[in-house]
Amino acid sequence: MSSEEDRKIKQREAGDRETARLWRAWRTVHEMVRDRGYTLSDDEVNISLEDFKREYMGSDGSVSRANMKFSANPSDIMMKRYSNPPTDREPNPPPPDIGQIFVEFLNDTSVGIKQMRNFAQFLSSQNHHTGILVTSVNITPAALKIIPAVASETRIETFLETDLLVNITHHELVPTHVLLSKEEKTALLQRYRLKDTQLPRIQMGDPVARYLGLRRGQVVKIIRKSETAGRYASYRLCV
Amino acid sequence: MATTKTPKSILKKSSSYPAAATTSSKEERDRGLALYHARLIQSRKDIELEILLSTETLIDYPLASSLYDASNPSPADAKAFKDFLRPFQPSDYDALIVERNINDHCGYTLCPKPRVRETGGGKYRVIGTRGRAKDFRVVEKEELEKWCSDACARRALYVRVQLSESPAWEREAAQSLIKIDLLDEPKSEDDSVAEELGQLHLSGEEEQEKKQNTANLALERGDQGRAAHHGLVDVKIQEKEVQRSAEPPSLDEDDLSGRLDTMHLTLEGHTPSFGSRRERRDDEEEADTDWKI
Ligand SMILES: [Zn+2]
């Protein structure tokens, strides 16, 4: 009988740990979406563990990931940052390639082609511009190949829950990364008389680049604090 | 007796080569080169996408009704399976098995049954305890759970070993015609008989070989190959025009007399002149001095 109780306690502890993990992943994903420039209120981002439990925990004491999905729209500032300035060659540039973002937490114990295809179809049908799929397990390599295959319809990014337990950009050794708009990029290159390929680089797979959803060809300004020089900035091209 | 004869160059006359036909500018050539590589990359991407879509399709196989099973697949499914598999590498095939397992299908594409779920924990299973000692094995539970049965594991691996290790975009023409056999071919008589009849006509052993030879030749000449629709080099074959009737080599009389003293030095038609001529000159000088004394 004591072993029975023991088992129950262990189970509850495991459940609590799982809930706390999901809450932290939830917080990080919201911070990420807001840091990219989408509109989210403070209440949505800074949800407390208690509120999180009240909102998403079922009667059986486990959190239902299916309920954790949410979407957000780009702010005006973000729209401006992604806009294409008119040039001589293109007086009427295309509208900014940005739109509603949708985030889903997937509970499946394995994620393959089918789940990825379903997610892509859902995004297209709902006219979501970007989709973030948060999974608890690794996605199969074949399923990841679906992402470029549907890139013309929708942008898909994937994250592991484990990667979202802490917000890496809050770490003191990670300098602030700020995305430059196209106009700012042009101005920068003109000022230093550079071609963008002459800038140092940041990989698209870099954790901070993934956090900010950087695209190939974008430039980030990296602001570091220095003990001797105060603050100084450097620039990197996303490749 | 020294015959004044201009030394003959052993090098071929450069004028015998036609002037190189590169009239295009550097930019044009650079552009051609870039295009060539872009096409290679594109064809590779196309094949990779084809494999991905085939994998996606094969997850839900077999399509046929319950009349058929893995030991007797429907001829249509079996044919489609073989066709889809052609560009696959073993690693792509493994990915297909994983994807089928995710959807709880038996790893063998033509099997309609679900895969087994071993009850109980533990990472390993002991099998073959009842048979002879050589059947005894310890395997990972995960490995067993890929299939519905041992038979299907065997069927699936029978197909796997037939797949080409080289990626489809690098394969030679003959390899892209690989024929995949199943451990259990369709048994339904009408279809299989018809299929075999067709094969009898179209691709007897000789015919098959001929086809492969043609394909190999085409590849060697750069006419074909999935990746090389447009080669870097524009190869034009120009037949050499023969103007006189062919005649066998002969020993010409006057030609011979001039070469007699050096003929023993001749190697494959070429006579090294350096050593022999100097020796001759030395001889002459010596003779001269003899006379003076
Ligand atoms: Zn099976």
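Every chain begins its residue count from 1, and numbering advances along the sequence as written. As a convention, the first chain written is A and the first ligand written is 1, with the rest following in written order. Whole-chain, interface and lining totals are the exception, using all residues; otherwise, since this is a predicted model, local features are given only for residues with pLDDT of at least 70 and side-chain atom pairs are given and counted only at 80 or more. Derived side-chain values reflect all non-hydrogen atoms in the structure, with water molecules and hydrogen atoms excluded from consideration.

Under an unreviewed UniProt entry, chain B has the name RNA polymerase II subunit B1 CTD phosphatase RPAP2 homolog and belongs to Cudoniella acicularis. Taken verbatim from the UniProt record of chain B, the Subcellular location (unreviewed entry) comment is "Nucleus". UniProt positions are given in the numbering used here, feature names are shortened, and annotations may be inferred rather than shown by experiment. For the record of chain B, the UniProt heading Sequence similarities (unreviewed entry) holds the text "Belongs to the RPAP2 family."

Going by the annotation in an unreviewed UniProt entry, the name recorded for chain A is DNA-directed RNA polymerases I, II, and III subunit RPABC1, with Cudoniella acicularis given as the source organism. Under the UniProt heading Subcellular location (unreviewed entry), the entry covering chain A gives this text: "Nucleus". Here chain A is described in UniProt, under the heading Sequence similarities (unreviewed entry), as follows: "Belongs to the archaeal Rpo5/eukaryotic RPB5 RNA polymerase subunit family."

Undergrad: Tell me about the coordination of the zinc ion, and please be specific about residues and values.
TA: Coordination of the zinc ion by the protein is provided by Cys106(B) (SG), Cys111(B) (SG), Cys148(B) (SG) and Cys152(B) (SG), with metal-donor distances spanning 2.2 to 2.3 Å. Seen from the zinc ion, its four donor atoms lie at angles of 107 to 116 degrees, and the figure they make is tetrahedral. Only N, O and S atoms count as donors, using a 2.8 Å limit from the metal and a wider 3.2 Å limit for Na, K and Ca, and since water is excluded some coordination spheres may look unfilled. Labels for metal geometry use angle windows, namely 85 to 135 degrees for all angles of a four-donor tetrahedral site, and for square planar (four donors) or octahedral (six donors) sites opposite donors over 155 degrees apart plus all others within 65 to 115; sites meeting none of these are irregular.

Undergrad: I'd love a proper account of helix H1 (residues 26-59) of chain B, names of residues and values included.
TA: What counts as a helix is a DSSP run of H or I of at least four residues, what counts as a strand is a run of E of at least two, and both are numbered from the N terminus. Under the convention used throughout, the expected extent of a helix is 1.5 Å for every residue step, that is, one less than its residue count. For H1(B), built from 34 residues, the straight-helix expectation of 50 Å at 1.5 Å per residue is met to within 8% by its first-to-last C-alpha distance of 50 Å. Listing the buried residues of H1(B) in full gives Tyr36(B), Ser43(B), Ile47(B), Ile51(B), Leu52(B), Ser54(B), Thr55(B), Glu56(B), Leu58(B) and Ile59(B). Against the buried residues of H1(B) lie helix H5 (113-125), helix H6 (141-144) and helix H7 (146-149) of chain A together with helix H2 (75-85) and helix H3 (90-102) of chain B. Whether a residue is buried, partly exposed or exposed follows from its accessible area with a 1.4 Å probe, protein chains only, as a fraction of its type maximum: under 20%, in between, or over 50%, in that order. Whether two residues touch is decided by their heavy atoms; if any such pair falls within 4.5 Å, the residues are in contact.

Undergrad: Which residues make up the packing of helix H1 (residues 2-36) of chain A against helix H3 (residues 49-56) of chain A, and what values do they have?
TA: Residues and elements named next belong to chain A. Axis lines are fitted to C-alpha atoms, over the contacting stretch for helices. Their N-to-C directions set the angle, which ranges from 0 to 180 degrees. Following both chains from N to C, one finds H1 and H3 inclined at 105 degrees, their axes separated by 10 Å at the closest point. Classified by the angle between their axes, H1 and H3 sit roughly perpendicular to one another. Only Leu49, Phe52, Lys53 and Tyr56 of H3 make contact with H1, whose side of the interface consists of Thr19, Ala20, Leu22, Trp23 and Trp26. Charged residues are taken to be Asp, Glu, Lys and Arg, nonpolar residues to be Ala, Val, Leu, Ile, Met, Phe, Trp, Tyr, Cys and Pro, and polar residues to be all remaining types, Gly included. Its residues assigned to classes, the contact of H1 with H3 shows seven nonpolar, one polar and one charged. Each angle is binned into one of four classes, with values under 35 degrees roughly parallel, values over 145 roughly antiparallel, values of 65 to 115 roughly perpendicular, and all other values oblique.

Undergrad: Please provide a residue-by-residue account of the UniProt feature "domain: RNA polymerase Rpb5 N-terminal" (unreviewed entry) in chain A, values included.
TA: In the UniProt entry, the feature "domain: RNA polymerase Rpb5 N-terminal" (unreviewed entry) is given for residues 16-121 of chain A. Taken end to end, residues 16-121 of chain A is 46% helix and 8% strand, and its two terminal C-alpha atoms sit 34 Å from one another.

Undergrad: So, the interface of chain A and chain B: which residues are in play, and what are the values?
TA: Interfaces are frequently sized by the accessible area removed from exposure as the parts join. Facing 13 residues of chain A, the contacting portion of chain B comprises twelve residues. Two parts placed together each lose some accessible area; with a 1.4 Å probe, that loss summed over both constitutes the buried area. Summed over both partners, the interface of chain A with chain B comes to about 970 Å²; 64% of that surface belongs to carbon and sulfur atoms. Whenever Lys or Arg places a side-chain nitrogen within 4 Å of a carboxyl oxygen from Asp or Glu, that contact is recorded as a salt bridge. The residue Asp60(B) makes a salt bridge to Lys114(A) at a minimum N-O spacing of 2.6 Å. Distance and chemistry together define a polar contact, namely a pair of N or O atoms within 3.5 Å, with one atom able to donate a hydrogen and the other to accept it when in protein, and with adjacent residues in sequence counting only for side-chain atoms on both sides. Put simply, chain A and chain B have four residue pairs in polar contact (both at pLDDT 80 or more) between them. Contributions of two or more residues to the side of chain A that touches chain B are made by H5, H6 and H7 of chain A. Examining the composition of the side of chain A that touches chain B, we find that four residues originate from one element, H5(A), more than from any other.

Undergrad: Explain the nonpolar core to me, using residue names and the numbers behind them.
TA: By nonpolar core is meant a set of buried Ala, Val, Leu, Ile, Met, Phe, Trp, Tyr and Cys residues that side-chain atoms within 4.5 Å join together. Among the nonpolar cores identified, the biggest contains 37 residues, and Trp26(A), Val33(A), Phe52(A), Met68(A), Val103(A), Phe105(A) and Leu214(A) are the most heavily contacted of them. Those elements that provide at least two residues to this core are H1, H3, strand E1 (70-72), helix H4 (76-82), strand E2 (101-106), strand E3 (130-135), helix H9 (207-212) and strand E7 (219-226) of chain A. Of the residues forming this core, the biggest block, seven residues, is contributed by H1(A). For every domain, the bounds stem from an assignment made automatically or drawn from a database. Lining this core are residues from two domains, each supplying at least three of them: domain 1 (3-166) and domain 2 (171-238) of chain A. Excluding its chain neighbours within four sequence positions, the residues that come into contact with Phe52(A) are Thr19(A), Leu22(A), Trp23(A), Trp26(A), Ile47(A), Met57(A), Val63(A) and Met68(A). Within the second largest apolar cluster, 28 residues are counted, among which are Phe88(B), Cys106(B), Tyr108(B) and Cys152(B).

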